[in-house]
Amino acid sequence: MEIIPVTEKNSLEQDNRSVKRNEVVRTENLDFFYNPESHALKNINLSIPGKKVTAFIGPSGCGKSTLLRCFNRMNDLLPGSYLKGRVLIDNKDIYANGIRLEELRKKVGMVFQKSNPFPMSIWENVAFGPRVNGESDKHTIEEVVKSALEQADLWKETKDRLNESALDLSGGQQQRLCIARTLANKPEIILMDEPASALDPISTGKIEETIIELKKNYTIIIVTHNMQQAARISDFTAFMMLGEMIEFNDTKTLFTNPNENLTEEYITGRFG
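About the criteria used
- Residues numbered from 1 in each chain as written.
- Predicted model: local features only at pLDDT ≥ 70, side-chain atom pairs only at ≥ 80, totals over all residues.
- Heavy atoms only, no water.
- Disulfide = S-S within 2.5 Å.
- Buried < 20%, exposed > 50% of the residue type's maximum accessible area, 1.4 Å probe, protein only.
- Phe/Tyr/Trp six-rings, centres within 6.5 Å; stacked < 30°, edge-to-face > 60°.
- Helix = DSSP H or I, 4+ residues; strand = E, 2+ residues; numbered from the N terminus.
- Lys NZ or Arg CZ within 6 Å of the ring centre and 35° of its normal.
- Pairing = 2+ DSSP bridges.

**Re the state of the cysteines**
Argument step 1. Counted under the stated rule, the structure contains zero disulfides.
Argument step 2. The structure places no disulfide on Cys 62, whose sulfur is separated from the nearest cysteine sulfur, that of Cys 70, by 13 Å.
Argument step 3. According to the relative accessible area criterion, Cys 62 is buried, its value standing at 1%.

**Some details on the packing of aromatic side chains**
Argument step 1. Tallied over the entire structure, the rule returns six aromatic pairs.
Argument step 2. For the pair Phe 236 and Phe 248, a centre-to-centre distance of 6.1 Å together with 55° between the ring planes defines the contact as tilted. Residue Phe 236 is located in strand β9 (residues 236-241), and its partner Phe 248 is located in strand β10 (residues 244-250); the two are separated by 12 residues in the primary sequence.
Argument step 3. In this structure Phe 248 comes out as buried when scored by relative accessible area, which is 1%.
Argument step 4. One Lys or Arg, Arg 181, reaches over the ring of Phe 118 and ends 4.0 Å from the middle of that ring.

**Things to note about the sheet that holds strand β5 (residues 92-93)**
Argument step 1. Strand order in the open sheet made by the four strands is β2-β1-β4-β5, with antiparallel pairing throughout. Here the strands that pair on one side only, and so sit at the sheet edges, are β2 (38-49) and β5.
Argument step 2. Here strand β4 (residues 82-89) pairs with β5 via two bridges, running antiparallel. Its bridge partner being in β5, Ile 89 is matched across the sheet by Lys 92.

What follows is the structure, given as structure tokens:
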């Protein structure tokens, strides 16, 4: 399956008929500005398939995290920032008038670089979302908590200590708890911004195993500085530089036979 990006540097038409049959996220001529003098994303045209892992790679400051945050409108929180173009999820423009942000962010969950468990028990961390969303049945909440912890590969390690503080967990466990907390809201898409960058190799391996398992039921978009990680866990990879989408392809092709010289130079370590 070949996907060729539309960029200012590449005038080839995008051939993503195979992806579009399973398309969940699409950007059209997307530009993002932190302010009028800071043009962070430039003419991004991208089609992301469902129930796959898509990785964004590129040097620091290239726009990876900025693009990721466009998918749940987290950038709206930045004063003076603005967006041009469109971002569509399930073919609906999420920047159109009338979009309810709380519903969007429930559908598009996010896991941040640094784990951020709430200063409460493990159980209460995972139950927090369903409660806020109006669920009051204790049995239902208990089922959601168990399911989310199982999917995050954390149930066996915590089932006998659910009432203990989440802050007592190890760093890797805290990050998986944050994944479970996201899953408890029953999202369809999970955004992950360098979720393993602060973890040791063993904890990183656990996170990667969890991601691979989760893609059976969720669309996952991950930002990573670790090219080996992208190669291990992603189905598709986008390479970005200076706010532009240089190349987007299935991961094997992008790493073994890239279309763009810049991509080859980056993955072979000539810069970045």
